[in-house]
Each structure stands twice: as C-alpha cells, then as structure tokens.
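Given next are the chains, with one letter for each unit.
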Amino acid sequence: MFKNYLIVSVRNFWRNKTFSAINILGLSIGISAALVIFLIVYYEVSYDKGVLDGDRVYRVVMDMKFNGNDGHSAALPAPLGPAIQREVTGVEKVIPMFTFQGEGDAKVSVVNNNPLKPVIYKKQPNIVFTNAQYLQMRGYVWLAGSQQNALQKPFSTVLSGSKAKQYFPGVAFTNVVGKQITYNDELTTTVTGVVQDKTENSSVTADEFISLPTIAKTQLQNSFMMNVWDDWMAYSTLWIQLSKGTSVAATELQLKGLLNKYNKNANKDAANSMAFKLQPLSDVHFNGLYQGFQQRVAHRSTMYGLLAIAGFLLLLGCINFINLTTAQASRRAKEIGIRKTMGSSKNQLVLQFLSETLLVTIMATILSIVLTPLLLQLFKDFTPPGLRVSMLYTMGVGVFLVSLVMLVSFLSGLYPALVLSGYKPVLALKNQAYTSTGQTRTAWVRKTLTVSQFIIAQFFVIATVIVSKQINYSLTADMGFRKDAVLNFNTPWNPRDTLSKVKVAALLNKLKAMPGVQLASQGFLAPATEGAAFGSIKYFDGQKDIKVDVQVRWGDENYLKLYAVKLLAGRTIIPSDSIKECLINEEYAREMGFVKPLDALNRQIEWGKDKYTITGIMRDFHEHSTHGLIDPIVFKYGTGNMIHIALQPQAGEWKNTISSIEKAYTSIYPGEDFSYAFYDDTIAKFYSEEQNTAKLLSWSTGLTILISCLGLLGLVIYTTETRVKEIGIRKILGASVTHIVSILSRDFIVLVILAFAIAAPVAWWAAHKWLEGFAYKTSVSWWVFAVSGFGMVAVAIITLSIQTIKAAVANPVKAIKAE
C-alpha cells in the first residue's frame, strides 16, 4: 500500500512540475529559516549547562538608585567576597573573579629555551584571578598538578591544556608544572597545574587562572580596591553556590545586612539606594540588565523575534502549498472517484494525500540542509561567534528536522487531503465534484490565506522602512560635535610615570607637524562613547546641596576645538593642572536649578575634595546614542591615554597621513601594536543592533515577498488555465489585451489592497512601540505606508503580468478548441 502511495506521489509530482517546484521552493525557504534559527537558539540555550549543581549557582549583582535613576551592575565592591565567606551562612562556595584592567587582556612573557630572551605573547585574553572553588564548580579535569593545592598560594597559575601548548610547545603537561609566567612585565607566577579545556558554552570565558591571594601581595591590592566598599570596577564579579535548602531571600537579607554594616551611606534615602541581588546562573546569558565586563548576552526578545520570523516564513510556505493544492483539486476529481469506487476509504485517501505532502516536504528539507551552510556563512554577522556548521549533524538537530518535517507535512497537507477525500464518487466521475458550493468555500479559504500572506509581507516591508529611517536619522543627526574625518587611538599611558607623559608629548608634537593633520589632542574619552565615566558632583544653591551624577570628560586645550563643541557663553578652560575650573553643558545647568543655563556661569561646584569654577557653558551634545536623553556633563583640563586627531578634509582617503601617524607611534612605542578607529565608525557601532535588525528585516521582507509572489504566480497560472476558453471567447468578441489582463488580475489586486489595509494599522502600532526605545527619534511618516502599499501592489502586478499577458496574447482559436 505504501509503495503504491509513493509511486502515485512521484507521478503526481512529475505531472505537475511547475506547481511542485513552487511548493518545494516555498517550503524550503521556510524550513531553511527555521533550521538556521533553531541552530542559533539551540546554541544560545546551551550556555552554562556544564556547571555542577548549576541550579544553586548565582551571580551577585547590584540594583541601585542615584537621584531617583535606576542602575544595575554585575560589578561589585571587591571586599564583598571575603565578607560573605566570613559572615554569611548557607553559602557553600564563594568565587570572586577579577580580570586585568583596561581591555581585560595582558602581555605574557614565557621563558623557554633562552632565559635572556623570553617569548612574548601580546594581548592574551581570558585571564582571571580566582580561587580553586571555581575550578571545582566547573568540574575541570586535571591533566597535571595537584587539585588540592591549586590556586591556594600567592603567585601560582593554572593553565588550560590549549594555553599550556601555546606557551610551552612540545613540553609535556607534567613538565609545564613549575614553569614561570610573567604578566605585564611586573607579575611573575609559577604554573601549579594544567586542566582540560572546557568545550561547553559558558558566560565566563577563562582558560588561564591566577591565584586570588596574589592580589594581596602586589600593587593590585590597590588597583582592584580590595578594601573599598563604596566604589567598584567593571573587572570585579562574584559568584556563589548556595547550600542545599538555603533560600535566595534569606541570603539576600544577609547581604543587605553586610551592605548596611560596611557602607553606611548606601541607603541614605529613597532616591539613593543600593541592594545586592542573586541572579540565577540560568539567567546570566540572557539578561542584559546586568551585562558583565566583556560578557556576551543573548537577548530573549531577539530570539523570540527570530522564532517569529521562522514561524512566519514556514506559515507562508504552508499557505502556498494549501492554496495551490486546493486550486488543482478539480484535476484529480476523476482519480478520487475511481479510487472510492474501487473501495478506498476516506482515511486511505487522506493518508495518500498526506504522503504526497510528506514527499514534497522531504525534498524541501533536503534542499534546506544543502543551503544551510551557505546561509550560515551569509548571515555570519547575525549568528553567535561560536556557532559551527558541524552542529547541523548532531542528534538534537536531527530530532528537530524529523519533527519539523512531520509538522509541516501535517499542517500543509491536512486541509487539502480532507477537501480532496471528501468528493462524492458519482459526482467526481461526472466531473461535478467541484460543485459551486464547494468551489465557493475553497475559494474563500484560498483568498483568506492569500490575504494572510500579504499581510505578513506588508508588515515586514513597513517595518523595514521604519527601522532604516530611524537608523538614518540617528547616523545623520546633529550629535553636537564633529565626528567626520576624526580618528582615535590609545597609547600605553601611565599617569604616575613621568616618562609616559614625555612620550605622549613627543608623539603629539610629531602629529601636529604632519601636513595631513588639522588638529591633535590628548585626553580621555571622545564626546560620545559606549563606555561611561561618572562623577558625583555637588552644587550648593544657597539652601541645600544639589548632588548629581554627571558624565565627565577631560582633555587638553585642543579637545573642544577639535570636536567643534560649541561654547554658548563664557570662555574655555586654561591649560593648567593647578587651576580648578571647568565647563558644563546646558543639561547640567538645568539640573543645578537654573532656568537659564547661562546663569550658571562663575558658580562653584564641589568635585571630590576640590572646588571648580564654571567658566563656560557648552551646548548640549549626545554622550551616548540617541536611545537615551542627554546627561549632565562636566569638562575639565586633563591628560589621558587617548589621542584624538582631526584630519585635513582635503587629504582624500588619508592613507599617507595614517601611515605617517603609525610610523610616529611605532618610533615612540617600539614593539607596541598601532590600532586606530575612525570616530564616525565608532558612532555607527552604537546602532549595530539596529543595523543588524534592518538587514535581517530586509532579508525577511525579501523572502516573504518571494514566497507570497510564488503563491500568487501559482494561483494565476491555475486561474488562466481554467479560464482559457473564456479568454479565447472574450478575444474573439473584441476584448483587448489590457482588458483581459485587468479582468484576470482584478481579484488578486483587491486581495493585496485588503492585506495592506489590515497590515498598516498593526505596523503603525508596532513602529511606535519600537521607537519608544529612542529618546530622539524619527517620525512615522504617511509616505512610509504609501510607498509600501504602492510598492507591494506594483510587485503583485508584475508577478501577475508574467502569466496574464501570456494568456491574453495567446491564439483564441487554440483556446476555444482546447478540451
């Protein structure tokens, strides 16, 4: 029986090659999207699964309020870990983790064959200071060394197998133990163990572990602020594992007691407060609220959006299949009548038609599997960095594909199977199975499904235009400073080292002498940056202290001129370390209580132990992306590790100038890598997520339009074939080609217009909700909907004309003779 089903399915497939190809292409697009998105989601949900007793592991985080503004942090005061170990009950493991400051990497020096010439490894990532409890929690397998003594003593290091091979190539792991490693030319440690690399995905990426007691024996004690409770750095995080039976609420209550004990100003009023919270391990990878230093976060909303796109594309493919299959129902009426006359039951016929659907779905799935590696390469900007094509051949993906094939076959094939198997044999043999009632019912189903397809397509078109419009608005908006023809780079800067200052001064002199350089400045962060530098500053208005957390910037005398920051009143700062004066922006003046910002001139503010006189008012500029409101900003004179360069506008592509800058840099910092960035590219990265969303929407829009138009093409092919005699008679009676094309296209165009009428208000609502995430945003213009609607109608007309014009110009004599 099943063999017969297969033979009939293949014959039917071959007899209707055009419709079969449309069905396979439509389904393969949906299945390919579902497969790629499943791989992404499958990869993301695999994070942190390899932790022993992971349901009892938590990251300690902070919720804060500063002047009524909410704040969240994965970074913590460094003394918290030891305090929990001493004073909090119900905690089985306490695991502080620190990384090197700056970018979190380190210069590593290893002595191999020649003691006088160590091997240098620059910018080595994934190095952490921690204790042996971390290795126990992750369940590391030891390849060499003693687990009992690991990371117990100062100046000891445990390496992963890959790191041991990198630093000591050709040396057995047992012989690596005892070797010495120097970090940043100032911290020398001894290797006490080697562990096997972890292959599972983790929120903590570390493969080089330095013992925690090392910090107390070095200047890192001060750098990491190991005894400071009222300040913290991004490089400090803390993990704990609760004992069995210990509740989160009870532990958080004890942490509240610790905070009040050691930081008495932490909760001084309702507008300024702090609280330690426990974040479950399962939430760490998906919660951007507490995104840690260099931690990659997968947003659940993004994954839900991807799943929705996959669902829509699959739905469109299924709708195509249902529409085309039911449209061709009359062609198989006699076959069904004969089968029923010969004794086939309705269930057997349903099974027959479902098997035909299964064959088409399997062929579409095979095509999808072939296309997936290409799609992963094409969409590499959207996929997680660790996602590999090899995941395609795992058991989990195999189970997913089998389930997907069965589901798609059922959803696509059930309704057509029920329609076809429901024909009465007598009427079927007389070619009257497709009665007017049945035809009307199935026609309405097809129309409803076609409208559904174009609703989805119209929604994607409008969404794509809105997202692109907002990105263009953000990238071209006046940020309040110059961003074009500016490049930035960092120097190996040490503010306590006189030689470091001399080197930077020498570099600046070389840069200023270059004909391609308009201005050069030394300072801190650029005006707008993804990072943040806050300072708590007080102003006494005669009655009370107004304390505000402000963004701080500093630079030399050329900084503001280079970035063309406009001064509304007063004068700029004098280049002096001893004169305490500053500039503020309009927003900070308003926060100080001045209705007219210019009235803040010559007032004094208190910043730490010093008092600064306000000598000028800057025009407001964006210090972050247009997502957020402009913050209060203070600018003062100062030096720093970042060099800012404004290039001469007439210098073209500036290749020669950048080459000269690199030569000047390497002459002063030999052996250091030169890395620069154009500032407008840095600004563009603020909107990388939106740009990726726009690209993804563009692809999704293209695919939904393609699938919808394939379905439309299939339906119009069937319609013209069934109305071939009518077309011939109309032509003989004098109908023009234009008239016939309009008759054949009219009903379909009405469906597309109806789809637009339904999609437009939904897209308008969704656009407004999405734009709420921007403090400064574009408008949802009427022309967006007009262009989208007319564009979709135009695409539909072009698609329809492929077949309608062909049918309209055909020889009417042949059409009338056709059976």
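One can find the structure itself at the top, above this paragraph.
Residues numbered from 1 in each chain as written. Predicted model: local features only at pLDDT ≥ 70, side-chain atom pairs only at ≥ 80, totals over all residues. Heavy atoms only, no water.

### Re the pairing of strand β3 (residues 91–98)
A regular strand places its side chains on the two faces of the sheet in alternate fashion.
Then step 1. Counting buried positions along β3 yields seven of eight residues, so the element is predominantly enclosed.
Then step 2. With seven bridges joining them, β3 and strand β12 (residues 236–242) adopt antiparallel strand pairing. Paired with Met 97 across the two strands is Thr 237, which belongs to β12. (Buried < 20%, exposed > 50% of the residue type's maximum accessible area, 1.4 Å probe, protein only. Helix = DSSP H or I, 4+ residues; strand = E, 2+ residues; numbered from the N terminus. Pairing = 2+ DSSP bridges.)

### Some thoughts on the nonpolar core
Then step 1. Membership of the largest hydrophobic core comes to 32 residues, with the highest contact counts inside it found for Leu 27, Leu 39, Leu 387, Val 397, Phe 400 and Leu 404.
Then step 2. Every element with two or more residues in this core is listed here: α2 (17–45), α11 (300–327), α13 (346–378) and α14 (395–421).
Then step 3. The element best represented in this core is α2, accounting for 12 residues.
Then step 4. Among all residues touching Leu 27, those that are not within four sequence positions of it are Gly 317, Cys 318, Phe 321, Val 360, Thr 361, Ala 364, Val 408 and Ser 412.
Then step 5. Counting residues in each nonpolar core, the second largest holds 29 residues, with Ala 106, Val 110, Ile 127 and Phe 224 among its members. (Core = buried A, V, L, I, M, F, W, Y, C linked by side-chain atoms within 4.5 Å. Contact = heavy atoms within 4.5 Å.)

### So, empty space enclosed by the protein
Then step 1. All chains considered together, the criterion is met by three cavities of 30 Å³ or more.
Then step 2. By volume, the largest cavity amounts to about 50 Å³.
Then step 3. If you trace the largest cavity, you find it lined by Asp 48, Val 51, Val 57, Tyr 134, Met 137, Arg 138, Ser 202, Ser 203, Val 204, Trp 239 and Leu 281.
Then step 4. Residue contributions to the lining of the largest cavity peak at three residues, all from helix α4 (residues 132–138).
Then step 5. Counted by class, the lining of the largest cavity contains seven nonpolar, two polar and two charged residues.
Then step 6. Taken as a whole, the second largest cavity holds about 40 Å³ of empty space.
Then step 7. If you trace the second largest cavity, you find it lined by Leu 76, Pro 77, Ala 78, Leu 80, Gly 81, Pro 96, Phe 98, Ser 236, Thr 237 and Leu 238.
Then step 8. When residues of the lining of the second largest cavity are traced back to their parent elements, those giving at least two are α3 (80–87), β3 and β12. (1 Å grid on protein atoms, 1.4 Å probe; cavity = no way out; pocket = protein on both sides within 12 Å on 5 of 7 lines; lining within 4 Å. Points joined across faces, edges and corners; volume = space filled by probe spheres on them. Nonpolar A, V, L, I, M, F, W, Y, C, P; charged D, E, K, R; others polar.)

### Thoughts on the state of the cysteines
Then step 1. If you walk through the whole model with that rule in mind, you get zero disulfides.
Then step 2. Cys 318 takes part in no disulfide bond, and the closest cysteine sulfur, belonging to Cys 709, lies 18 Å away. (Disulfide = S-S within 2.5 Å.)

### Structural notes on the packing of aromatic side chains
Then step 1. Counted according to the given criterion, the structure contains 32 aromatic pairs.
Then step 2. Seen from their ring centres, Tyr 559 and Tyr 563 are 5.2 Å apart, and the 55° between their planes marks the pair as tilted. Pair check on accessibility: Tyr 559 and Tyr 563 agree, each one buried.
Then step 3. With centroids separated by 5.5 Å and ring planes inclined at 45°, the aromatic side chains of Trp 607 and Tyr 612 adopt a geometry described as tilted. Like Trp 607, the residue Tyr 612 is buried in the burial classification.
Then step 4. Cation over ring: Lys 198 sits above Tyr 140, and NZ or CZ is 5.5 Å from the ring centre. (Phe/Tyr/Trp six-rings, centres within 6.5 Å; stacked < 30°, edge-to-face > 60°. Lys NZ or Arg CZ within 6 Å of the ring centre and 35° of its normal.)

### Examining the packing of helix α24 (residues 737–771) against helix α25 (residues 782–808)
Axes are the key here: two packed helices are described by the angle between their axes and the distance separating the axes.
Then step 1. Direction vectors running N to C along α24 and α25 enclose 155°, while the axes themselves pass 9 Å from each other. The angle between the axes of α24 and α25 places the two elements in the roughly antiparallel class. Taken as a pair, α24 and α25 cross one another with a handedness that is right-handed.
Then step 2. Per-class residue counts for the contact of α24 with α25 are 21 nonpolar, three polar and no charged. (Axes fitted to C-alpha atoms, helices over the stretch in contact; angles between N-to-C directions. Parallel < 35°, antiparallel > 145°, perpendicular 65-115°, else oblique. Left-handed = near helix turned anticlockwise from the far one by under 90°.)

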